[in-house]
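# Descriptive analysis of the structure
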Amino acid sequence: GDVQSPARCVCVGRLGPVKRVEVAIQAFGILRDRGVACELEVIGGRTEASNPYFCRLRDLVNELGLQGVVRFAGVLSPPYRRGAEPAIFAHCTG
């Protein structure tokens, strides 16, 4: 049978704890564990060792074995038109 391309999602925005990107990363871990072919691209924010939140996210990706699923693109201009279709918008509070 035909092999489908993985579903692609993007998170776009400043990379800080208030954005709760770890929730999306954990969700993609669950999807991968359930056999869903998917990719998450995180666009925006500083992706360097001087950003402690990025370091936590990178460590989470490594801990969950999601190196082939989650990609950090850093700051892109323009950030849209990356081949993903917006289907889910999540907002975490609390």
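This text goes with the structure placed above it.
The structure reproduced in this document is the subject of the present report. (Residues numbered from 1 in each chain as written. Predicted model: local features only at pLDDT ≥ 70, side-chain atom pairs only at ≥ 80, totals over all residues. Heavy atoms only, no water.)

### Regarding the nonpolar core
If you look at the biggest cluster of nonpolar residues, it comprises 18 residues, and the most contacted ones within it are Ile25, Val70 and Phe72. Elements supplying a minimum of two residues to this core: α1 (21-33), β2 (38-43), α2 (52-64) and β3 (70-74). Ignoring sequence-local partners within four residues, the contact set of Ile25 consists of Leu40, Leu57, Leu60, Val61, Leu64, Leu66, Val70 and Phe72. (Core = buried A, V, L, I, M, F, W, Y, C linked by side-chain atoms within 4.5 Å. Buried < 20%, exposed > 50% of the residue type's maximum accessible area, 1.4 Å probe, protein only. Helix = DSSP H or I, 4+ residues; strand = E, 2+ residues; numbered from the N terminus. Contact = heavy atoms within 4.5 Å.)

### Looking at the pattern of salt bridges
Taken as a whole, this structure holds seven salt bridges when the rule is applied. Close ionic contact of Glu41 with Arg8 constitutes a salt bridge, the shortest N to O distance being 2.5 Å. You can see Glu41 sitting in strand β2 and its partner Arg8 sitting in strand β1 (residues 7-12), a full 33 residues away along the chain. For Glu41, a relative accessible area of 3% corresponds to the buried category. Arg32 is paired through a salt bridge with Asp33; the nearest N and O atoms lie 2.9 Å apart. In this structure Arg32 comes out as partly exposed when scored by relative accessible area, which is 30%. Residue classification places Asp33 among the exposed residues on the basis of a relative accessible area of 58%. Connected via shared salt-bridge partners are Arg8, Glu39, Glu41 and Arg71. (Salt bridge = Lys/Arg side-chain N within 4 Å of Asp/Glu carboxyl O.)

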